Amino acid sequence: MEPAQPTERGPVPPPGRTTADTDTDLLAGADPASAGSTGEDPDVPPPGSGEPTGRSERSPKDMAISLLVLLVPIALIFGIYRVFFGADQPVVIDPAPAVAQARASGAFEVIDPTGVDDDWRPVTANFNGADGTATLRVGFVSPEGEGVQLVQSDVPAETLLPQELTADGQPQGVIEIGGRTWQRYTARPGERALVLLEPERTVMVVGSATEAELRDLADGLG
């Protein structure tokens, strides 16, 4: 009696797979050892596994607090600048060069505005001698903080007054100031004017200041 010959055994299928599955993989050319493997690195957690991604979420409250932290120092600096460095104060200029130009033109006798009270702060000054006429303008900020302009010109009054006071500007009576007779005029909305009419020139103070302030300025003119 011949001893029994050992039978050949095929590859042992991985757990969870049958021999038929392994045979099918062999026919398809697949490696039985890799059957059932997903090809994923077991050390890398799958997406959505709860591992942190490195991106932080900030709530609207956190963003508001961060913005507030930035704004508070800026507000403090701006407040200190306004209080201690006069950020609200107008930039005062010297009107003397423009006054000198007007005098040099010889177009009219110039009233010197530099003798007014120090509370009247000159902020603009301009002389225009084009087109055969001459006009000197000096802008002031009044003691109460209102804008007033001193205008001196040899432009005929019938042309100058509508330009400066609009066509609605109307005389409202006369007033004596510093030995001169000035006329009270209406002007643009919120403004009023005092006008000195002379043969060779017209002088006016016009702006949003009160009439009392306009009188003070007119009285201080040299």
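Residues numbered from 1 in each chain as written. Predicted model: local features only at pLDDT ≥ 70, side-chain atom pairs only at ≥ 80, totals over all residues. Heavy atoms only, no water.

### Focus on the overall build of the chain
- Counting secondary structure elements, the chain contains 5 helices and 7 strands.
- Ordering the α and β elements of the chain from the N terminus gives α-α-α-β-β-β-α-β-β-β-β-α.
- Per-residue burial over the chain gives 25% buried out of 222 residues.
- In the chain, the share of contacts with a sequence separation of at least 24, taken over all contacts with a separation of at least 6, comes to 44%.
- Accessible area for the chain stands at about 15000 Å²; split by element, carbon and sulfur atoms hold 54% of it. (Helix = DSSP H or I, 4+ residues; strand = E, 2+ residues; numbered from the N terminus. Buried < 20%, exposed > 50% of the residue type's maximum accessible area, 1.4 Å probe, protein only. Contact = heavy atoms within 4.5 Å. Areas by Shrake-Rupley, 256 points an atom, 1.4 Å probe, with all protein chains shown as cover.)

### As for the packing of aromatic side chains
- Per the counting criterion, the structure on display carries 1 aromatic pair.
- Pairing Trp-120 with Phe-140 gives two aromatic rings, centres 6.3 Å apart and planes at 85 degrees, and the pair type is edge-to-face. Taken as a pair, Trp-120 in the loop between helix H3 (96-105) and strand S1 (121-128) and Phe-140 in strand S2 (residues 135-141) lie far apart in primary sequence, 20 residues in all. Just as Trp-120 is buried, Phe-140 falls in that class too. (Phe/Tyr/Trp six-rings, centres within 6.5 Å; stacked < 30°, edge-to-face > 60°.)

### Describing the environment of Arg-201
- If you trace the backbone, Arg-201 turns up in the loop between strand S6 (192-197) and strand S7 (202-207).
- Its relative accessible area of 7% is what places Arg-201 among the buried residues.
- Note: C-alpha distance between Arg-201 and Val-110 (91 residues apart in sequence) is 9.0 Å.
- Discounting residues that sit within four places of it in the chain, Arg-201 has contacts with Phe-108, Glu-109, Val-110, Ile-111, Ser-153, Asp-154, Arg-180 and Leu-196.
- In this structure the side chain of Arg-201 is engaged in a polar contact, spanning 2.5 Å, whose partner is the backbone oxygen of Glu-109.
- There is a polar contact of 2.6 Å between the side chain of Arg-201 and the side chain of Glu-198. (Polar contact = N/O pair within 3.5 Å; in protein donor to acceptor, adjacent residues only side chain to side chain.)

### Considering the sheet that holds S6
- With antiparallel pairing, 7 strands are arranged side by side in an open sheet as S1-S2-S3-S7-S6-S5-S4. Whereas interior strands pair on both sides, the edge strands pair on one side only; in this sheet they are S1 and strand S4 (171-177). The sheet shows a mean angle of 20 degrees between the axes of neighbouring strands, taken without regard to direction.
- Judged from the 7 bridges that link them, S2 and strand S3 (residues 147-153) form a sheet pairing that is antiparallel. When the bridges of S3 are listed, Thr-135 appears paired with Ser-153. (Pairing = 2+ DSSP bridges. Axes fitted to C-alpha atoms, helices over the stretch in contact; angles between N-to-C directions.)

### Some thoughts on the nonpolar core
- Core analysis: the biggest nonpolar cluster contains 27 residues, and Leu-136, Phe-140, Val-148, Trp-182, Leu-194, Val-205 and Leu-217 have the highest contact counts within it.
- Counting only elements with at least two residues in this core, the list comes to H3, S2, S3, S4, S6, S7 and helix H5 (211-220).
- The residues touching Phe-140, leaving out its near neighbours within four places in the chain, are Pro-113, Val-116, Trp-120, Arg-121, Pro-122, Val-123, Glu-146, Gly-147, Val-148, Leu-150 and Leu-217. (Core = buried A, V, L, I, M, F, W, Y, C linked by side-chain atoms within 4.5 Å.)

### Quick look at the pattern of salt bridges
- For the structure shown, the criterion picks out 4 salt bridges.
- Measuring nitrogen to oxygen at the nearest pair gives 3.0 Å for the salt bridge that ties Glu-211 to Arg-184. Taken together, the residues Glu-211 in helix H5 and Arg-184 in strand S5 (residues 180-186) connect sequence positions 27 residues apart.
- With a shortest N-O distance of 2.6 Å, Glu-198 and Arg-201 are connected by a salt bridge.
- Counted as one network, the salt bridges with shared partners bring together Arg-184, Glu-211 and Arg-215. (Salt bridge = Lys/Arg side-chain N within 4 Å of Asp/Glu carboxyl O.)

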